[in-house]
Amino acid sequence: MDKFKGLSRRNLLKLGAGAIGTGAITAWWGSEAINQIGSPLMAAEIAAAENDITPDQALKKLMDGNLRFVTKKRENPNQSFARLVEVAKGQAPFAAILSCADSRVVPEIIFDQGIGDVFVVRVAGNVCTKEELASEEFASLVLGAKVLMVIGHQSCGAVKAAIEAKKLPGSLDSLVAAIKPAVDSSAKEKGDRLDNAIKANVKLQTQRLKASPIISKLNQEGKLTIVGGYYSLDTGEVTIIS
């Protein structure tokens, strides 16, 4: 078997070479990891995970799950011990998510997904800094995620702090700095200032993801779709906003 859910070792290196260079990929993940990705054993194990779908199908799968959550018809898929064993030796999530770390926003639950289905990066303010970007590049290039979603949410405290622009202790100012351009760009919009800034921040972080040579190449080739979403704490509904 020479496939890794549609991404063979050869294709991985070919795609990576066009974006950041084969040498850089090998240095980043290590030659042992690259060899493991291309091994028949790993490919066979990972084949059980369900990411052999199109980007449009992946987005629909997410949104269908959210509809089940909102309408109280959750199926709780892939949450058994059997699933745990099935994906223990390899993962191939169909979706990658950049979400706020807020305890009320749990992607696996709000999208009614299970173990190995979604690759989730959570950070206050759902900001896309270097480390978050690297994680989502890994999810899409190596693991084969077909949809990448940035999720902001109602009443986000990190965005509120960026609006208030007060001096914050420790490293909190770094979050404000990452969100401030969205606050500034939405300042003159009509409506609720916080809500406008939250949605503008989702769009900003989505654009930062799209600026990645790896992610943009996958997007241009039709292998990945990138969207922004807004989560309502009141209803549990996720709305696509970009």
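As shown above, the structure is provided for reference.
Residues numbered from 1 in each chain as written. Predicted model: local features only at pLDDT ≥ 70, side-chain atom pairs only at ≥ 80, totals over all residues. Heavy atoms only, no water.

**Here's the deal with the overall build of the protein chain**
No. 1: Within the protein chain, the regular secondary structure consists of 12 helices and 5 strands.
No. 2: The proportion of buried residues among the 242 residues of the protein chain is 46%.
No. 3: Looking at the protein chain as shown, the accessible area adds up to about 11,700 Å², and 54% of this sits on carbon and sulfur atoms. (Helix = DSSP H or I, 4+ residues; strand = E, 2+ residues; numbered from the N terminus. Buried < 20%, exposed > 50% of the residue type's maximum accessible area, 1.4 Å probe, protein only. Areas by Shrake-Rupley, 256 points an atom, 1.4 Å probe, with all protein chains shown as cover.)

**Let's talk about the environment of Gln205**
No. 1: In this fold, Gln205 is placed in helix H11 (residues 193–210).
No. 2: Overall, the relative accessible area of 0% leaves Gln205 in the buried class.
No. 3: Sequence-wise, Gln205 and Ile179 are 26 residues apart; in three dimensions their C-alpha atoms are separated by 8.6 Å.
No. 4: Here the side chain of Gln205 touches Cys128 through a polar contact of 2.8 Å, landing on its backbone nitrogen.
No. 5: Reaching out from Gln205, the side chain makes a polar contact with the backbone oxygen of Ala178 at a distance of 3.4 Å. (Polar contact = N/O pair within 3.5 Å; in protein donor to acceptor, adjacent residues only side chain to side chain.)

**A look at the pairing of strand S1 (residues 95–99)**
No. 1: The buried fraction of S1 amounts to 5 of the 5 residues, a majority that puts the element mostly inside the structure.
No. 2: Side-chain alternation along S1 places Ala95, Ile97 and Ser99 on one buried face and Ala96 and Leu98 on a second face that is also buried.
No. 3: Of the pairings in the sheet, the one linking S1 to strand S2 (residues 118–122) comprises 5 bridges and is parallel in character. Across the sheet, Leu98 pairs through a bridge with Val121, a residue of S2.
No. 4: Pairing between S1 and strand S3 (residues 147–153): 5 bridges, direction parallel. Pairing of Ile97 across the sheet is with Met149, part of S3. (Pairing = 2+ DSSP bridges.)

**A closer look at H11**
No. 1: An ideal rise of 1.5 Å per residue puts 26 Å on 18 residues; H11 measures up with 26 Å between its terminal C-alpha atoms.
No. 2: Along H11, the residues classified as buried are Asn196, Ala197, Ile198, Ala200, Asn201, Val202, Gln205, Thr206 and Leu209.
No. 3: For H11, the capping residue at the N-terminal end is Asp192, with a side-chain oxygen 3.2 Å from the backbone nitrogen of Leu194. (Expected span 1.5 Å × (residues − 1).)

**Quick notes on the packing of helix H8 (residues 130–142) against helix H12 (residues 213–220)**
No. 1: Closest axis-to-axis distance for the H8/H12 pair is 9 Å, and the angle between their directions is 35°. Where H8 crosses over H12, the two elements pack in a sense that is left-handed. On the side of H8, the interface is formed by Leu133, Glu136, Glu137, Ser140 and Leu141, while H12 contributes Ile214, Ile215 and Leu218. (Axes fitted to C-alpha atoms, helices over the stretch in contact; angles between N-to-C directions. Left-handed = near helix turned anticlockwise from the far one by under 90°. Contact = heavy atoms within 4.5 Å.)

**Comments concerning unusual backbone geometry**
No. 1: In this structure, Asp112 takes a positive phi of about 50° despite not being glycine.
No. 2: Tracing the backbone through its elements, the reader meets Asp112 in the loop between helix H7 (107–110) and S2.
No. 3: Even without being a glycine, Ala165 presents a positive backbone phi close to 55°.
No. 4: Topologically, Ala165 is positioned in the loop between helix H9 (157–164) and helix H10 (172–185).

**Looking at H8**
No. 1: With 13 residues, H8 extends 17 Å from end C-alpha to end C-alpha; this agrees with the ideal 18 Å at 1.5 Å per step.
No. 2: The set of residues buried in H8 consists of Glu132, Glu136, Glu137, Ala139, Ser140, Leu141 and Val142.
No. 3: Just downstream of H8, Gly144 is the residue with a positive phi angle, here 85°.

**Side note on the environment of Leu172**
No. 1: Considering the arrangement of structural elements, one finds Leu172 in helix H10.
No. 2: Judged by its relative accessible area of 41%, Leu172 is partly exposed.
No. 3: Sequence spacing of Leu172 and Ala124 is 48 residues, and the spatial spacing of their C-alpha atoms is 9.6 Å.

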